[in-house]
Amino acid sequence: MTSSPSPYPSYPSYPSTSPPPSPPAPRPLSRRGLLAAAGAAGAAGLLGTAAGPAAAAPSSRGSAALVIHNARVFSGVDGGRPAQRRVGRDGRILATGSDAALRRYIGRDTDTVDAGGNTVMSGIHDGHVHPLGAGDRSLRPSLEGAETTRDELLTILTGFLADTGGAAAEPDRWLVVEDWNPVGLLPTGSVPHHSVLDALATRRPVILVGGDGHNLWANRRALDVAGITAATPDPVGGRIVKGADGQPTGVLKDDAQDLVKRHVPEPSRAELVAACAEVLGLAAASGVTTMMDALAGRHELGLYRELAESGRLPQRIVPAIRLDDAQAKDPAAALAYARGLRREFEGAPGLRFGMVKVFLDGVIEYPAKTAALLTPYLDGAGKPTDNRGELYTSAADYGRLTAAFNSAGWQMHAHGLGDRAVRTALDGYAYARRVTGRRDPRNAVAHLQLVDPADLRRFAQLGVAACMQLQWAAEDTWTMEALLPYIGPRRHRWMYPARSLEKAGARLSGGSDWPVDALQVWNQLRTAIDRQGAHGSGPLYRELEGLGRSSVLRMHTSGTAWQLRQEDLTGTVEQGRAADLVVLDRDVTRCPVADISDTRVRMTLVGGRVVHDADSATGRAASARAARGAGSAPRPASYAAVHGGRHRACGCGAG
């Protein structure tokens, strides 16, 4: 890979108040001999073999498999100079230098790409994502996080009923609608109840699945099918919301959702695999080359194996095996379970095992308020309540679990949104460190919506990765109306404390949590800088918690590679690393911060193999979908009439 010489010695954080000139308009990639369709038969011929041990010198043939020139390369190495890169024939970057220095590596069989003066960098590493869930969701209609009145919601759902079979689907075909906004029923503060959905002109069971993954809203028919009554007890790790009369309201939280979901017919295996293949292609078109699947079990691992064996798995995947609350209390059994799944699936190409996931709490926002807080929630009028949220696993249990897995060489990944859950995770990691003596287990806490200031330095002290989803760090309904009145301004100031964690020495890694949100990789990076993004109504503590540009680029590349223990393989652009690279349509190291949101990926390589080419027919289609936010699903014409502007970062282009 090559680039033109640059006078810039490194890539500093460019302030958004003094933007450099806008990038040139994108033009078609100039290349010689590259295949038109990424992933087509023979694409691997660009490399002699799959990625293997790094070589220190050019292949015996003397020429490179691929040279990318006229680029500004973000190496991701502290203090590194923009340099030229050459992709070797084993899928590695085997030489660096200027255009002139690497000209001698261009032979008759070398493919060349002119980057047009734009950025070439490591592919994006998504450290917390649910890609197969995105595939599954794409098979059903979506509300895409819309905020609606009761009547507007019923209008949209009536359209969904018609589009999913109409009268022929009565009375038993389920209507499952994804990406319901649990805080988006207007006027603000309106409480969802099955009676609202019961007003639909249908006898079908209807459920709305919350985009946050923690809430579900069912009509009376769905509750009846599931056998949920006033006498039904809450399952472990979940809650059946009941009214003052003791009857279920139709809202199910966390693991209580499964009481209804298990009655919903599954799509066919062929439909599901095809949908997952499509969304993985969208992720590649967004520049994602490695993903940590934060919720994997036998079902998901089987899908990955089928995708890999059919050549439809473009990314490197690190599955985090999910442990439920009961397993978290039995370390020996949990370890045996995880090892069993690894033995069963570790031969699947592209999968690397060694991670487990535990939910420590729920979500903070109204109406859920299930995230675990150190001090109680407020009632919305400033008065304390007796609700501190729900802590699903104690610090003692989590510490013993961590010690067992760390001793066996596994890493822990904790879902922790509230400050009490974050402290519980850190206490567990501290216990495991004392017991095992291991100093580099690479455990992580994900989300970190609230972190108590007293815990900031503990991340660096314990070597814990702070895995953050900073597309949420903007002023919107979720962070303001649904949150500020329930935690108060003092705690609210510590929302997603990215810069505070960085200053305290924490290792930052990045994730999208897709499909909780549509996959908007470059807006996610932009929001981490300006704390507003393309969809926020204002900046969320930008001066206190906004990150520098270089920090954000490293966070989503080398930072996540470190979290996933693959920093010796990927995450930086330097000799010996795998050629997991993206060619962009602008120079994201210098363009105005606001322009980063609109970045388009012109080419994505994994191990030197082209997995997305924006100039190909399939690449153009994938790029178009990626541009509006991967993960969008079918919606009726009635949706547009009420969607206008009342949505959260859905990427649909409305509003």
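Our subject is the structure listed above.
The rules behind the values
Residues numbered from 1 in each chain as written. Predicted model: local features only at pLDDT ≥ 70, side-chain atom pairs only at ≥ 80, totals over all residues. Heavy atoms only, no water. Axes fitted to C-alpha atoms, helices over the stretch in contact; angles between N-to-C directions. Helix = DSSP H or I, 4+ residues; strand = E, 2+ residues; numbered from the N terminus. Parallel < 35°, antiparallel > 145°, perpendicular 65-115°, else oblique. Left-handed = near helix turned anticlockwise from the far one by under 90°. Contact = heavy atoms within 4.5 Å. Nonpolar A, V, L, I, M, F, W, Y, C, P; charged D, E, K, R; others polar. Pairing = 2+ DSSP bridges. Phe/Tyr/Trp six-rings, centres within 6.5 Å; stacked < 30°, edge-to-face > 60°. Buried < 20%, exposed > 50% of the residue type's maximum accessible area, 1.4 Å probe, protein only. Salt bridge = Lys/Arg side-chain N within 4 Å of Asp/Glu carboxyl O.

(A) Structural context of the packing of helix H10 (residues 331–345) against helix H11 (residues 395–407). Interhelical geometry of H10 versus H11 gives an angle of 40 degrees and a closest axis separation of 9 Å. Judged by the inter-axis angle, H10 sits oblique to H11. Helix-helix and strand crossings are classified by hand; for H10 and H11 the assignment is right-handed. Taking contact as the criterion, the partners of Pro331, Ala334, Leu335 and Ala338 in H10 are, on H11, Arg400, Leu401, Ala404 and Phe405. By residue class, the composition of the contact of H10 with H11 is seven nonpolar, no polar and one charged.

(B) A look at the sheet that holds strand E25 (residues 581–584). Pairing is mixed across the open sheet formed by five strands, whose spatial order is E3-E7-E25-E26-E27. The sheet is open, and its two edges are formed by strand E3 (72–74) and strand E27 (609–613), each paired on a single side. Here the strands of the sheet are splayed against their neighbours by 20 degrees on average, with no regard to which way each runs. Bridge count between E3 and strand E7 (residues 119–122): three bridges; the pairing is parallel.

(C) View of the packing of aromatic side chains. The final tally for this structure, using the stated rule, is five aromatic pairs. Geometrically, the ring pair formed by Trp180 and Trp217 is tilted, given 5.4 Å between the ring centres and 45 degrees between the ring planes. Placement of Trp180 in strand E10 (residues 175–180) and of Trp217 in strand E13 (residues 215–218) is noted, with a sequence separation of 37 residues between them. Judged by its relative accessible area of 4%, Trp180 falls in the buried class. On the numbers, 6.3 Å between centres and 50 degrees between planes, the contact of Trp472 with Tyr496 is tilted. Separated by 24 residues along the polypeptide, Trp472 in the loop between strand E21 (465–468) and strand E22 (474–475) and Tyr496 in the loop between helix H14 (484–492) and helix H15 (498–503) bring together distant segments of the chain.

(D) Region of the structure containing the pattern of salt bridges. Taken as a whole and assessed by the stated rule, the structure comprises 26 salt bridges. Here Glu390 makes a salt bridge to Arg239, at a shortest N to O gap of 3.6 Å. Here Arg239 lies in strand E14 (residues 238–242) and Glu390 lies in the loop between strand E18 (355–359) and H11, a separation of 151 residues in the sequence. What makes Glu390 partly exposed here is its relative accessible area of 24%.

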